[in-house]
Amino acid sequence: MELKNVEYRSPVSKGNRGFEDLECYQLALRVMVNAHEMATQLPPTEKYDLVGQVQRSSKSTPANIAEGYGRYHYLDSLKFYANARGSLYETRSHFITASTLNYIQHDYFAALYGLTQQAERALNGYMAYVRKQKAGEDLYPPSTKRRSRGVFRNRPRPIRAFYDDSPVS
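An account of the accompanying structure is given in this report. (Residues numbered from 1 in each chain as written. Predicted model: local features only at pLDDT ≥ 70, side-chain atom pairs only at ≥ 80, totals over all residues. Heavy atoms only, no water.)

Bringing the side chain of S57 into the picture now. The residue S57 is located in helix α2 (residues 50–69) in this model. Residue S57 is classed as buried on the basis of its relative accessible area, which comes to 3%. Within the structure, the side chain of S57 is placed 2.8 Å from the side chain of T91, a separation counted as a polar contact. Dropping the residues within four chain positions of it, S57 is found in contact with S87, E90, T91 and H94. (Helix = DSSP H or I, 4+ residues; strand = E, 2+ residues; numbered from the N terminus. Buried < 20%, exposed > 50% of the residue type's maximum accessible area, 1.4 Å probe, protein only. Polar contact = N/O pair within 3.5 Å; in protein donor to acceptor, adjacent residues only side chain to side chain. Contact = heavy atoms within 4.5 Å.)

Here it is in structure tokens:
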């Protein structure tokens, strides 16, 4: 079985759509469509198990990319992109499960696996770009207060020193 290509048709012209123009979003949509297509091939015994899991995880990937795009601070965005990557891995795991249980042909599995790798590379690239841009940092600068790292510069005092006035050796 061949992978389906997805052609998203937006009412807004290309280049003015926002997250919809991202390559990682387009690939995530393609993974989602193909995950749903694969789910139709699963046996009826998987109707309430693997079918629902693969459909939900595949839908979560583009949804998290969209939500991350809508956040202002880059660190907040990166959190959602990391969640999208996790959902992509979960979807890949469901493809592996379907292949291991011989529900899908190996060639079809290899194509699905390759598609998830392509989506992962695009998402990782976009995350690196966002990290480099640091959008929103000017309005929400990093805190000047830093938590202690728990490093002892001096040797800690023995417990007995807290109970008596004897000198510490």
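Having put the structure on the table, let's press on.
To continue, consider the packing of helix α1 (residues 23–39) against helix α3 (residues 74–100). Following both chains from N to C, one finds α1 and α3 inclined at 30 degrees, their axes separated by 12 Å at the closest point. With respect to α3, the axis of α1 lies roughly parallel. Judged by the twist between their axes, the crossing of α1 over α3 is left-handed. Side by side, α1 and α3 meet where V31, A35 and M38 of the first sit next to L88, T91, F95 and A98 of the second. (Axes fitted to C-alpha atoms, helices over the stretch in contact; angles between N-to-C directions. Parallel < 35°, antiparallel > 145°, perpendicular 65-115°, else oblique. Left-handed = near helix turned anticlockwise from the far one by under 90°.)

What follows concerns the packing of aromatic side chains. What the rule picks out here adds up to five aromatic pairs. Measuring from ring centre to ring centre gives 5.3 Å for Y81 and Y126, while their planes differ by 70 degrees; the resulting arrangement is edge-to-face. One end of the pair, Y81, is in helix α3; the other, Y126, is in helix α4 (residues 106–133), with 45 residues separating them in the sequence. Each member of the pair, Y81 as well as Y126, is classed as buried. Aromatic rings pair up to connect F19, Y25 and Y69 into one cluster. (Phe/Tyr/Trp six-rings, centres within 6.5 Å; stacked < 30°, edge-to-face > 60°.)

As a further point, take the side chain of E120. Turning to its location among the elements, E120 is positioned in helix α4. The contacts of E120, once residues within four sequence positions are left out, are L88, Y89 and R92.

Taking 1.5 Å per residue, 17 residues should reach 24 Å; α1 reaches 24 Å between its end C-alpha atoms and fits that length. Counting buried positions along α1 yields 13 of 17 residues, so the element is predominantly enclosed. (Expected span 1.5 Å × (residues − 1).)

The next subject is the layout of surface pockets. Put simply, the largest pocket is a space of about 170 Å³. The wall of the largest pocket is formed by 13 residues, among which S77, Y81, Y126, V130 and A135 lie closest to the centre. Those elements that place two or more of their residues in the lining of the largest pocket are α2, α3 and α4. Counting residues per element, the lining of the largest pocket draws most heavily on α4, at four residues. (1 Å grid on protein atoms, 1.4 Å probe; cavity = no way out; pocket = protein on both sides within 12 Å on 5 of 7 lines; lining within 4 Å. Points joined across faces, edges and corners; volume = space filled by probe spheres on them.)

With that settled, the discussion passes to the pattern of salt bridges. Here the structure, examined in full by the defined rule, presents four salt bridges. Measuring nitrogen to oxygen at the nearest pair gives 2.9 Å for the salt bridge that ties E67 to R71. Owing to a relative accessible area of 37%, E67 belongs among the partly exposed residues under this scheme. Judged by relative accessible area, which is 33%, R71 ranks as partly exposed. Members of the salt-bridge network, linked through shared partners, are E67, R71 and D76. (Salt bridge = Lys/Arg side-chain N within 4 Å of Asp/Glu carboxyl O.)

C24, I65, Y81 and L123 are the most contacted members of the largest nonpolar core, which totals 22 residues. Residue assignment for this core shows that the elements contributing at least two residues are α1, α2, α3 and α4. Beyond its immediate sequence surroundings of up to four residues, I65 is in contact with L22, C24, Y25, A28, Y81, A84 and L123. Within the second largest apolar cluster, 13 residues are counted, among which are A39, L42, V54 and F109. (Core = buried A, V, L, I, M, F, W, Y, C linked by side-chain atoms within 4.5 Å.)

One way to put it is that α3 packs onto α4 with a least axis distance of 10 Å and a crossing angle of 170 degrees. When the axis of α3 is compared with that of α4, the two are roughly antiparallel. Its residues placed into classes, the contact of α3 with α4 shows 17 nonpolar, four polar and four charged. (Nonpolar A, V, L, I, M, F, W, Y, C, P; charged D, E, K, R; others polar.)

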